[in-house]
Amino acid sequence: MSFYDPICFDPSGGFHNQILDDGTLYDPDIKHVVGTCRFTVNFALCARLLGFGDKGREHFLEMAKHGINFLTEHHWDPTSAGFNWVLKRQVSGDVVNFVVDDGEKWGYAVAFGLLACANAKLAGVEGMDEALERALSCVETFKDGSTGLFLDSFNSTMTVKSNYRGQNSNMHMCEALIAAFEATGERKHLNAAAAIAKKLTVELSAGCGWVNEHYDEDWVPDPEKNKDADPSSEEYIFRPPGFQPGHSMEWAKLLVLLDSHSSGQYGWMLETAKGLFRETVKCGWHDKGGLVYLVEKSGDET
């Protein structure tokens, strides 16, 4: 936070997302919904820790409120009832407007929107109930039938759904539903999070040792998706073939959290977390330290 605060703060609305390693803002006008939500969550967490350094709880609470206001007033699309993916700031004299640059509706955005609202409520931001309920309603829209899982994306008007299914947005939906449980005390959100976790880390990854990243619309795994795509393309970078160690680590964390909230009554949660952690370290740890981004697995060889 000593790096990002206050350079991420945009007094005209929201936060600056495009920041270089030296703190330079290289595109101050683009507002990505995930950036808005991540900063909001971070400031809310700092407020819950009652501040540190020379800044106290009230500062972080105001920053979290600043992020929530931008999320609900600008990213939220009241027509389609979803979160716009990317906004762009337009300045004319003293007038500042934020227009939709990419209006596609992603389950990933809904997950982070819910996570931001839940954490803001937990931090003590006032008047969060309506925003939280609205985000939860959007979550319902992304449900994929009776699978317990969620769709990846819709078009901008929420009328056409993608035939791609993926674990990544579902993983973050699991994380957000855990936060919703923490914020509301409603166990149905915890149950929904546990259902996602079991489906993806146990049922659909049985015998794999990893979490499958990609699926078709019938939830059949597609581990070789984008195998022939240009490695520098966005399609390859964000939906690469193979397995991603970082995601297995995230799942291990979420499973431990679920186990804690469930008082350890489900033995599969902790055991699955341990298995994912062991396999990730075994196959994903680089000899110079750190986890690699991507591994390709064939049989017992990685």
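Under the annotation held in an unreviewed UniProt entry, the chain carries the name N-acylglucosamine 2-epimerase and is attributed to Triparma retinervis. According to its UniProt record, the chain has this under Sequence similarities (unreviewed entry): "Belongs to the N-acylglucosamine 2-epimerase family."

Asker: Could you clarify how one ought to interpret the packing of aromatic side chains in this entry?
Answerer: Each aromatic ring pair is summarised here by two numbers: the centre-to-centre distance and the angle between the ring planes. Enumeration over the complete set of coordinates arrives at 13 aromatic pairs. Residues Tyr 4 and Phe 39 carry aromatic rings whose centres are separated by 5.4 Å and whose planes lie at 70° to one another, so their mutual orientation is edge-to-face. With Tyr 4 in the segment before β1 (30–32) and Phe 39 in helix α1 (residues 33–48), the pair connects residues that are 35 residues apart, well separated along the chain. Residue classification places Tyr 4 among the partly exposed positions, given a relative accessible area of 36%. Using a relative accessible area of 9% as the deciding quantity, one classes Phe 39 as buried. One aromatic cluster is present, built from ring pairs that chain together Phe 3, Tyr 4, Phe 15, Phe 39, Phe 43 and Phe 60. The ring of Phe 70 carries the charged tip of Lys 31 above its face, separated from the ring centre by 5.9 Å. A cation over a ring is seen here: Arg 239 above Tyr 164, with NZ or CZ 3.6 Å from the ring centre.

Asker: I keep staring at the sheet that holds strand β6 (residues 86–92) and nothing clicks. Help me out?
Answerer: Strand pairing in a sheet relies on backbone hydrogen bonds. The paired strands run either parallel or antiparallel. Spatial ordering of the open sheet is given by β1-β6-β7, a layout of 3 strands whose pairing is antiparallel. The outermost strands of the open sheet, each flanked by one partner alone, are β1 and β7 (95–102). Here the strands of the sheet are splayed against their neighbours by 30° on average, with no regard to which way each runs. Relative to β6, β1 runs antiparallel, the two sharing 3 bridges. Paired with Ile 30 across the strands is Lys 88, a residue of β6.

Asker: Looking at this structure, I do not really get unusual backbone geometry. What am I missing?
Answerer: The phi torsion of most residues other than glycine is negative, and most of the peptide bonds are trans. The amide bond that connects Asp 5 to the next residue, Pro 6, takes the cis arrangement and shows omega of 20°. By the secondary structure assignment, Pro 6 is in the segment before β1. Residues other than glycine seldom take positive phi values, yet Asn 226 does so here, at roughly 65°. Summarising the element assignment, Asn 226 is placed in the loop between β11 (214–215) and α7 (234–238). Note on Asn 226: relative accessible area 16%, which makes it buried. Residue Ser 263 is not a glycine yet carries a positive backbone phi of 55°. Its location among the elements puts Ser 263 in the loop between α8 (245–261) and α9 (267–284). Ser 263 sits in the exposed class, given a relative accessible area of 69%.

Asker: Any chance you could explain a negative patch on the surface here in plain terms?
Answerer: Together, Asp 216, Glu 217, Asp 218 and Asp 222 make up a region of like negative charge exposed at the surface. Along the polypeptide, Asp 218 turns up in the loop between β11 and α7.

Rules of the game
- Along each chain, the written sequence defines residue order, and numbers are assigned to residues from 1.
- The model is predicted, so local features are restricted to residues of pLDDT at least 70 and side-chain atom pairs to those at 80 or more, both for listing and for counting; the totals for chains, interfaces and linings are taken over all residues.
- Only heavy atoms go into the side-chain values, all of them from the structure, while hydrogens and water stay out.
- UniProt positions are given in the numbering used here, feature names are shortened, and annotations may be inferred rather than shown by experiment.
- Side-chain rings of Phe, Tyr and Trp (the six-membered ring for Trp) are treated as a pair once their centres are within 6.5 Å; stacked means planes under 30 degrees apart, edge-to-face means over 60, and tilted covers the remaining angles.
- Secondary structure elements follow DSSP: runs of H or I of four or more residues count as helices, runs of E of two or more count as strands, with numbering from the N terminus.
- When a residue's accessible area, from a 1.4 Å probe over protein chains only, is under 20% of the maximum for its type it is buried; when over 50% it is exposed; and in between it is partly exposed.
- Whether a charge sits over a ring depends on NZ of Lys or CZ of Arg being within 6 Å of the ring centre and within 35 degrees of the ring normal.
- By this definition, two strands are paired if DSSP reports at least two bridges between them.
- Axis definition: a line fit to C-alpha positions, over the contact stretch in the case of helices; interaxial angles, taken between N-to-C directions, run 0 to 180 degrees.
- A residue counts toward a patch only above 30% relative accessible area and without a salt bridge, and it is joined to like-charged neighbours within 9 Å or, for Val, Leu, Ile, Met, Phe, Trp and Tyr, to nonpolar neighbours within 5 Å.
- Using a 1.4 Å probe, the Shrake-Rupley method yields the accessible areas, and only the shown protein chains count as cover for residues.
- In the sections that follow, a salt bridge refers to a side-chain nitrogen of Lys or Arg positioned within 4 Å of a carboxyl oxygen of Asp or Glu.
- Here Asp and Glu are counted as negative and Lys and Arg as positive; His is not counted, and neither are the chain ends.
- For the purpose of locating charges, the reference atoms are NZ of Lys, CZ of Arg, CG of Asp and CD of Glu.

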